[in-house]
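# Observations on the model geometry
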Amino acid sequence: MAQNIYDQPAFFEGYSSLPRSVHGLAGAAEWESVRALLPDLKDRRIVDLGCGFGWFARYAAEQGAQSVLGLDLSENMIARAKAETASPAVRYAIADLDRLDLPEGGFDFAYSSLAFHYIADFDRLVRTVHAALVAGSSFVFTIEHPLYMAPSAPDWAEVGGKTVWPVDGYLVEGPRTTDWLAKGVVKHHRTLGTTLNALVAAGFVIRHVEEWRPSAAQLAEHPEWQVELNRPMFLLIACDRP
């Protein structure tokens with residue numbers, strides 16, 4: 001079973017104060033890049049894996065989705081998502097993505113934002129998603145970039161007068177335990193190659209891979225983000241189910 005860190009009070013309180021939790025998709029720095037990868041959502045049957053507060057589910061409904069199923073392990077997340085969603089096209093349920101079961105051919109599009117790095121068995125998950133999509137569907141998701149989450153001590157360092165992101169153990173895949181918003185947060189590191197090959201093995205055709213960076217406009221508005229050019233924080237992937 002995946003770690004249910006979002007139902008720990010200290011973590012949930014900290015996460016709820018993040019810009020993406022307060023302002024939704026507009027508060028997610030990578031959203032414009034993600035939106036460019038989305039298909040037309042009108043009349044689609046969508047599954048949102050790790051739906052959190054339901055920001056994307058509500059967006060998809062606004063775009064004319066036929067139905068949106070938002071799944072999350074956190075009771076806190078699901079409770080808030082339900083409270084903030086009025087559209088009858090959206091429903092939510094609690095689900096462990098490490099043990100996920102979905103109806104075969106039940107969806108036209110699958111989406112996930114920053115959830116899969118908490119999942120131990122990524123191979124099983126992508127096989128499940130592939131089987132749940134009809135032919136001609138697409139699958140778009142984001143995760144923490146492997147370079148971002150691989151280090152044993154993920155943080156900036158000063159080396160030779162320059163700010164760098166030291167990476168150790170990149171080729172040693174498996175759990176990483178860090179203190180982020182709360183102590184003992186468990187994530188699962190996989191190399192970029194392992195992630196892409198799992199998708200190929202499941203039968204997906206990879207359409208786009210993006211190691212996210214802030215745009216020139218974002219850097220002009222947030223000059224403090226210049227340091228983000230030293231390493232990618234997010235990995236964005238779009239693939240198709242033939």
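Look above for the structure.
On a predicted model such as this, the values are computed, not experimentally measured, just so you know.

Conventions adopted
- Residues numbered from 1 in each chain as written.
- Predicted model: local features only at pLDDT ≥ 70, side-chain atom pairs only at ≥ 80, totals over all residues.
- Heavy atoms only, no water.
- Phe/Tyr/Trp six-rings, centres within 6.5 Å; stacked < 30°, edge-to-face > 60°.
- Helix = DSSP H or I, 4+ residues; strand = E, 2+ residues; numbered from the N terminus.
- Buried < 20%, exposed > 50% of the residue type's maximum accessible area, 1.4 Å probe, protein only.
- Axes fitted to C-alpha atoms, helices over the stretch in contact; angles between N-to-C directions.
- Parallel < 35°, antiparallel > 145°, perpendicular 65-115°, else oblique.
- Left-handed = near helix turned anticlockwise from the far one by under 90°.
- Contact = heavy atoms within 4.5 Å.
- Nonpolar A, V, L, I, M, F, W, Y, C, P; charged D, E, K, R; others polar.
- Pairing = 2+ DSSP bridges.
- Right-handed = clockwise from strand over helix to strand, strands pointing away.
- Core = buried A, V, L, I, M, F, W, Y, C linked by side-chain atoms within 4.5 Å.
- Polar contact = N/O pair within 3.5 Å; in protein donor to acceptor, adjacent residues only side chain to side chain.
- Salt bridge = Lys/Arg side-chain N within 4 Å of Asp/Glu carboxyl O.

How two aromatic rings sit relative to each other is set out by the distance from centre to centre and by the angle between their planes. Tallying each qualifying case throughout the model produces 14 aromatic pairs. With centroids separated by 3.7 Å and ring planes inclined at 15°, the aromatic side chains of Phe 56 and Tyr 111 adopt a geometry described as stacked. Linking Phe 56 in helix 4 (residues 55–62) with Tyr 111 in strand 4 (residues 107–113), this pair joins segments that are 55 residues apart in sequence. Judged by relative accessible area, which is 3%, Tyr 111 ranks as buried. An angle of 75° between the planes, with centres 5.1 Å apart, marks the rings of Trp 156 and Trp 165 as edge-to-face. Judged by relative accessible area, Trp 165 falls into the buried class, the value being 11%.

This part covers the packing of helix 6 (residues 122–132) against helix 8 (residues 192–202). Here helix 6 crosses helix 8 at 40°, and the two axes come no closer than 9 Å. Put simply, helix 6 runs oblique to helix 8. Remark: the crossing between helix 6 and helix 8 carries right-handed chirality. Packed against helix 6, whose contacting residues are Phe 122, Asp 123, Val 126, Arg 127 and His 130, the element helix 8 presents Thr 195, Ala 198, Leu 199 and Ala 202 at the interface. Of the residues belonging to the contact of helix 6 with helix 8, the class tally is 5 nonpolar, 2 polar and 2 charged.

What follows concerns the pairing of strand 3 (residues 90–94). Regular strands place side chains that alternate from one sheet face to the opposite one. Here strand 2 (residues 67–72) runs beside strand 3; their pairing, made up of 5 bridges, is parallel. Following the sheet pairing, Val 68 is matched in strand 3 by Val 90. Following the backbone out of strand 2, through helix 5 (residues 75–83) and into the adjacent parallel strand 3, one traces a crossover that is right-handed.

For soluble globular proteins, nonpolar side chains are generally found buried alongside one another. Of all hydrophobic cores here, the largest spans 32 residues; its most connected members are Trp 31, Leu 38, Ile 46, Phe 56, Phe 109 and Tyr 111. If you list the elements that add at least two residues to this core, you get helix 3 (31–35), helix 4, helix 5, strand 3, strand 4 and strand 11 (234–241). At 5 residues, the largest contribution of residues to this core is made by helix 4. Leaving out residues up to four positions away in the same chain, Leu 38 has contacts with Trp 31, Phe 56, Tyr 59, Phe 109, Tyr 111 and Val 140. Ranked by size, the runner-up nonpolar core spans 30 residues in total, among them Val 47, Ala 95, Ala 115 and Val 126.

Topologically, Arg 231 is positioned in the loop between helix 9 (216–221) and strand 11. A distance of 2.5 Å separates a polar atom in the side chain of Arg 231 from a polar atom in the side chain of Glu 228. Ignoring anything within four residues of it in the chain, the contact list for Arg 231 reads Tyr 148, Trp 156 and Trp 165.

Turning our eyes to something else, we now look at the pattern of salt bridges. Using the criterion set out here, one finds 9 salt bridges in the structure. Measuring nitrogen to oxygen at the nearest pair gives 2.9 Å for the salt bridge that ties Asp 108 to Arg 45. With Asp 108 in strand 4 and Arg 45 in strand 1 (residues 45–49), the pair connects residues that are 63 residues apart, well separated along the chain. For Asp 108, a relative accessible area of 15% corresponds to the buried category. In this structure Arg 45 comes out as partly exposed when scored by relative accessible area, which is 25%. Salt-bridge contacts for Glu 144 lead to Lys 187; the nearest nitrogen and oxygen are separated by 2.8 Å. Note that Glu 144 is positioned in strand 5 (residues 133–144) and Lys 187 in strand 9 (residues 185–189), a separation of 43 residues in sequence. The buried category is assigned to Glu 144, whose relative accessible area is 9%. Overall, Lys 187 belongs to the buried group, its relative accessible area being 6%. Several salt bridges share partner residues, and in doing so they unite Arg 58, Arg 80 and Glu 84 into one network.

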